[in-house]
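# An overview of the molecular structure
Letter by letter, the chains look like this.
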Amino acid sequence: MRKLRFALFGNVFQAKKSSSVQKLLCLLEERQADLQIDEPFYHFLTNDLQIAVPESARVITNDSFDADILISMGGDGSFLEAARRVGDKGIPIVGVNMGRLGFLADVLPEDIETVIRQIYDGTYSVEERCALQLSYDHGTPEGYPFALNEVAVLKRDASSMISIRVDINGEYLTTYQADGLIVNTPTGSTGYALSVGGPIMQPGSRTLGLVPVAPHSLTVRPVTLTDDVEITLKVSSRNHRFLVALDGRSEKCSEDVRLTIHRAPYTIKVLKRPGQSFFRTLRTKLMWGTDVRE
């Protein structure tokens, strides 16, 4: 039997996950897997859920970890946080859905045993998902400047819209008058961008989306771009400040800063089981094409 290394991450808000986590830990211990657990999740398991963690398990205290597979237990938010922690390590991520929709975290708790067997049998595939990188013309973004889903610029108050000038590879596109603008990857096309009218993009399509949030014009529609472009944003607002959000992690920014967004120099690897497909997930998770009259 191959000895595989697993990194285990998860959110610390769902006490109902105890039986699923215990099952996973037992399966990995039976196979004598090398197990590492993210520190906050480790304390949640041992202190809050009173779960017996294998004595051989090591605690991850920073981002200096390596593994063959990373398992994220939670929802899509937990998956995105795991992707942030993985960064350019190239570790495939599998998400066990302990939340509601679970588009990225698409493994049901009852399928954990099957997934572990498939991992050891090698009967899985790996999809590579592009990420975005954000930079400022002066200063640097707070924290982690990469996003798997989207980079969004948004107004800070509820009273007035913002103006967002967009240049593509140095060429002027337009100036959006809106509550915000989303630059999304194909992975993010089924998230925030979809909720404000953006198109769904197939993973691997090498595209990016420009999706305005509540634009003040009926002639403004989402735009799809190739993912090799450089997108420059210049924002002006009544209070001279706006928000920048990367996969939901937001920070304040002043209007004198110009933002540049382009494809990150690495991809995020997502583990896919046999028989899984993007279109099947669309049908089952988003009820795509379902006729409610039936």
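Rules used throughout
Residues numbered from 1 in each chain as written. Predicted model: local features only at pLDDT ≥ 70, side-chain atom pairs only at ≥ 80, totals over all residues. Heavy atoms only, no water. Helix = DSSP H or I, 4+ residues; strand = E, 2+ residues; numbered from the N terminus. Rg over C-alpha atoms; globule rule 2.2 N^0.38 Å. Buried < 20%, exposed > 50% of the residue type's maximum accessible area, 1.4 Å probe, protein only. Contact = heavy atoms within 4.5 Å. Pairing = 2+ DSSP bridges. Axes fitted to C-alpha atoms, helices over the stretch in contact; angles between N-to-C directions. Phe/Tyr/Trp six-rings, centres within 6.5 Å; stacked < 30°, edge-to-face > 60°. Lys NZ or Arg CZ within 6 Å of the ring centre and 35° of its normal. Expected span 1.5 Å × (residues − 1). Arc of directions from axis to C-beta. Core = buried A, V, L, I, M, F, W, Y, C linked by side-chain atoms within 4.5 Å.

In terms of helices and strands, the protein carries six helices and 17 strands. For the protein, whose C-alpha radius of gyration is 21 Å, the value lies close to the compact-globule estimate of 19 Å for 294 residues. Reported as C-alpha extents along the three principal axes, the dimensions of the protein are approximately 60 × 50 × 35 Å. Across the 294 residues of the protein, 50% fall into the buried class. The long-range fraction of contacts in the protein, counting pairs at least 24 apart against all pairs at least 6 apart in sequence, stands at 68%.

Next up on the list: the side chain of Arg85. Here Arg85 shows up in helix α3 (residues 76-86). With sequence-adjacent residues up to four places away left out, Arg85 is seen in contact with Phe9, Asp38, Ile60, Asn62, Asp63 and Phe65.

In space, the six strands of this open sheet follow the order β13-β12-β11-β8-β15-β16, with antiparallel pairing throughout. Here the strands that pair on one side only, and so sit at the sheet edges, are β13 (223-226) and β16 (249-254). Each strand axis lies, on average, 20° off the axis of its neighbour in the sheet, ignoring direction. Here five bridges tie strand β11 (residues 180-184) to strand β12 (residues 207-213), and the two strands are oriented antiparallel to one another. Across the sheet, the residue bridging to Val183 is Leu210, located in β12.

Moving on: the packing of aromatic side chains. The description of an aromatic ring pair rests on the distance of the ring centres and on the angle between the ring planes. A full pass over the atoms with the stated rule returns seven aromatic pairs. A centroid spacing of 6.2 Å and a plane angle of 75° characterise the contact between Phe103 and Phe278, whose relative ring orientation is edge-to-face. Placement of Phe103 in the loop between β5 (93-97) and α4 (112-121) and of Phe278 in helix α6 (residues 278-285) is noted, with a sequence separation of 175 residues between them. The exposure class of Phe103 is buried, given its relative accessible area of 9%. A network of ring pairs unites the aromatic residues Phe103, Phe278 and Phe279 as a single cluster. Sitting over the ring of Tyr144, Arg84 keeps its end group 5.9 Å from the ring centre. The cationic tip of Lys89 hangs over the ring face of Phe65; the distance from NZ or CZ to the ring centre is 5.0 Å.

Attention now goes to helix α1 (residues 18-30). Spacing of three or four residues puts side chains on the same side of an α-helix, whose turn is 3.6 residues. Here α1 contains 13 residues, and its C-alpha end-to-end distance of 18 Å stays within 8% of the 18 Å for a straight helix at 1.5 Å per residue. By the burial criterion, the buried members of α1 are Ser20, Val21, Leu24, Leu25, Leu27 and Leu28. For α1, the angular spread of buried residues about the axis comes to 160°, placing them on one side. Exposed residues on α1 whose side chains face more than 90 degrees from its buried face are Ser19 and Glu30. Of the residues trailing α1, Gln32 is marked for its positive phi of about 55°.

Turning our eyes to something else, we now look at α6. Within α6, burial applies to Phe278, Thr281 and Leu282. Along the axis of α6, the buried residues cluster in a sector spanning 105°; they form a single face. Note on α6: the residue one or two positions beyond its end, Met287, has a positive phi of about 55°.

We now examine the environment of Lys252. Tracing the backbone shows Lys252 in strand β16. Apart from residues lying up to four places away in sequence, Lys252 is in contact with Arg156, Arg241, Phe242 and Leu243.

Here we come to unusual backbone geometry. Positive phi, close to 50°, is recorded for Asn169, a residue that is not glycine. Structurally, the position occupied by Asn169 is in the loop between β9 (162-168) and β10 (171-178). Residue Asn169 is classed as exposed on the basis of its relative accessible area of 51%. One non-glycine residue, Ala214, lies in positive phi territory at about 50°.

Before going further, it helps to examine the nonpolar core. In terms of nonpolar packing, the biggest core is built from 31 residues, with Phe6, Leu8, Leu45, Ile71, Met73 and Ile116 touching the most fellow members. Of all the elements in the fold, those that place two or more residues in this core are β1 (5-10), α1, β2 (34-38), α2 (39-48), β4 (69-74), β5 and α4. Listed in part, the 28 residues of the second largest apolar core include Val153, Val166, Val244 and Val257.

So, to be careful, I would describe these as geometric facts and stop short of saying anything about function.
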